[in-house]
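Remarks on the overall topology
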Amino acid sequence: MTVAALTRDLVEIPSHESEAAAGDFIEDWLREHTDADVTRDDAGTEADPDSERDDRGGNVIARKGSGDTTVALVGHHDVVPPDDSQVTSDGGYVVSETETDDTTDGESRLAGRGSADMKGAVAAAMCAFRDADPAGELVFASFVGEEVGGVGARSAIDCGFAPDYAVVGEGSTGYSAPGVTDVAVAHKGRRGSTLVASGAAAHASEPESGTNAIYRASDAVDVVRGLDFPTTEVMGHEVAGSVAVTEIEGGSAWNVIPERCAVTVDERTVPGERAPLERVEEVEGVEWRVDQDLPPMRCDDPDFADTVLDAARSVHAGENPDERRTGTPEQVVKPHATDAGWLADAGTTCVVCGPAEPGQAHTADESVSLSVLERCRDVYERVAESWG
């Protein structure tokens, strides 16, 4: 089975409300097409208090080969809710193939929810896992719940999932130049937090009788605006974070001094550095709480990063000997958090390398280049056979 055919089969399976059916398909395919040790854990099989999904169906993990070094090909098979245009009348997913696209110089693309993020990469990893003769132990892992904070990855880590190295197949194509599949050696994390200002209600005609929570919140926002953004460097690449106020809610009526005001802060974190948001609590009546903390990723082994980059460049050169059309893969920094952050935080050396391009994930016209899927399959296989 080709990567394109496998991607189509995976994309056709709805997995925004439950990943169970997609997980069943992946598990069955691996058992049929490989001699690997295939397991299914219970990640997300109980009700998730942060989600309406009752059963995610568990992670799918397969292992083959042996050696002192373990390399994992990692993805996820959950997706964000589809646009109405991506769903059929009976609730299935619409999947289509286009013959031309301006961004890939006329290459065919497969469109549908999850094609780019990230069932195409999962299919490429499955085929590479099937075909590779690994230098050490090779692991394939497809997690549940990535889109809601890494439910599956965190569960797997808690249960002992600890490969030495991992190639996470999230998007890295089109960062250095259109059509180029780069290798991300770092990505940002996200820390979402809320500033809650408390005051005392009073009639607005007598404002001095109360304490205005919105004024206190405004003082806290001024503190946020004055913070320096966190920055660091990974393998010669600057990784710059950011901090922004994104929502504010306060007050109960036009004639009441507000007793409460809440402000949402979005921080893009970088490896080893955080903005000192705790300073907002120096404002009287203001408390700060962290609602979500998705870790950033930094590759801590330049040799592994270079090995993956060499594989990407070799595959590119084989496609285009003069490299006039797409250029040369480079090491880059990815702005979005992925499960690589959880893995790196637990001690796995990670890079991100995958077919999705900027602007494709989570969109109504999400699609992926079929030739880039094949390219990623080749890259994954070369890494598996050369590292370890």
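Our structure's up above, just so we're on the same page.
Described below are features of the structure shown in this document. Everything numeric here is computed off the predicted structure, so don't read it as measured data.

1. Description of the sheet that holds strand β16 (residues 286–294)
Spatially, the four strands line up as an open sheet ordered β13-β15-β9-β16, and their pairing is antiparallel. Unpaired on one side and paired on the other, β13 (242–250) and β16 mark the two borders of the sheet. On average, each strand axis in the sheet is inclined to that of its neighbour by 20°, with strand direction left out of account. Judged from the eight bridges that link them, β13 and strand β15 (residues 260–269) form a sheet pairing that is antiparallel. Looking across to β15, one finds that V243 is bridged to E267. The strands touched by helix α5 (residues 213–225) within the sheet are β9 (189–198), β13, β15 and β16, with β9 carrying the most contacts at an inclination of about 145°.

2. So, the pattern of salt bridges
Going through the model one piece at a time under the given rule, you end up with 19 salt bridges. Two residues, D131 and R130, come together in a salt bridge whose shortest N-O distance is 2.7 Å. A salt bridge links E267 to R191; the shortest N-O distance between them is 2.7 Å. With E267 in strand β15 and R191 in strand β9, this residue pair connects regions lying 76 residues apart in the sequence. The pair formed by E267 and R191 is uniform in burial state, with each residue classed as buried. When salt bridges with common partners are traced through the structure, they connect R130, D131, R377, D378 and E381 into a single cluster.

3. Things to note about the environment of V263
Turning to its location among the elements, V263 is positioned in strand β15. Residues V263 and T2 lie 261 residues apart in sequence; the distance between their C-alpha atoms is 49 Å. Here V263 is in contact with S193, T194, L195, A217, V221, V245, E247 and I248, once residues within four sequence places are set aside.

Reading the values: rules and limits
Each chain carries its own residue numbering, running from 1 in the written order of its sequence. Residues qualify for local features only when their pLDDT is at least 70, as the model is predicted, and side-chain atom pairs are given and counted only at 80 or more; totals for whole chains, interfaces and linings, by contrast, use all residues. Hydrogens are left out, water is left out, and the side-chain values use all remaining heavy atoms of the structure. Any two strands with at least two DSSP bridges between them are considered paired. Secondary structure counts use DSSP, requiring at least four H or I residues in a row for a helix and at least two E residues in a row for a strand, with both numbered from the N terminus. For every element, the axis is a line fit to its C-alpha atoms; helices are fit only across the contacting stretch, and the angle between N-to-C directions ranges from 0 to 180 degrees. Residue contacts follow a heavy-atom distance rule, with two residues in contact if any of their heavy atoms lie within 4.5 Å. Any Lys or Arg side-chain nitrogen located within 4 Å of an Asp or Glu carboxyl oxygen qualifies as a salt bridge. Each residue's exposure class comes from its accessible area (1.4 Å probe, protein chains only) as a fraction of the maximum for that residue type: buried when under 20%, exposed when over 50%, partly exposed otherwise.

Function-wise, these values are silent; they only describe arrangement.
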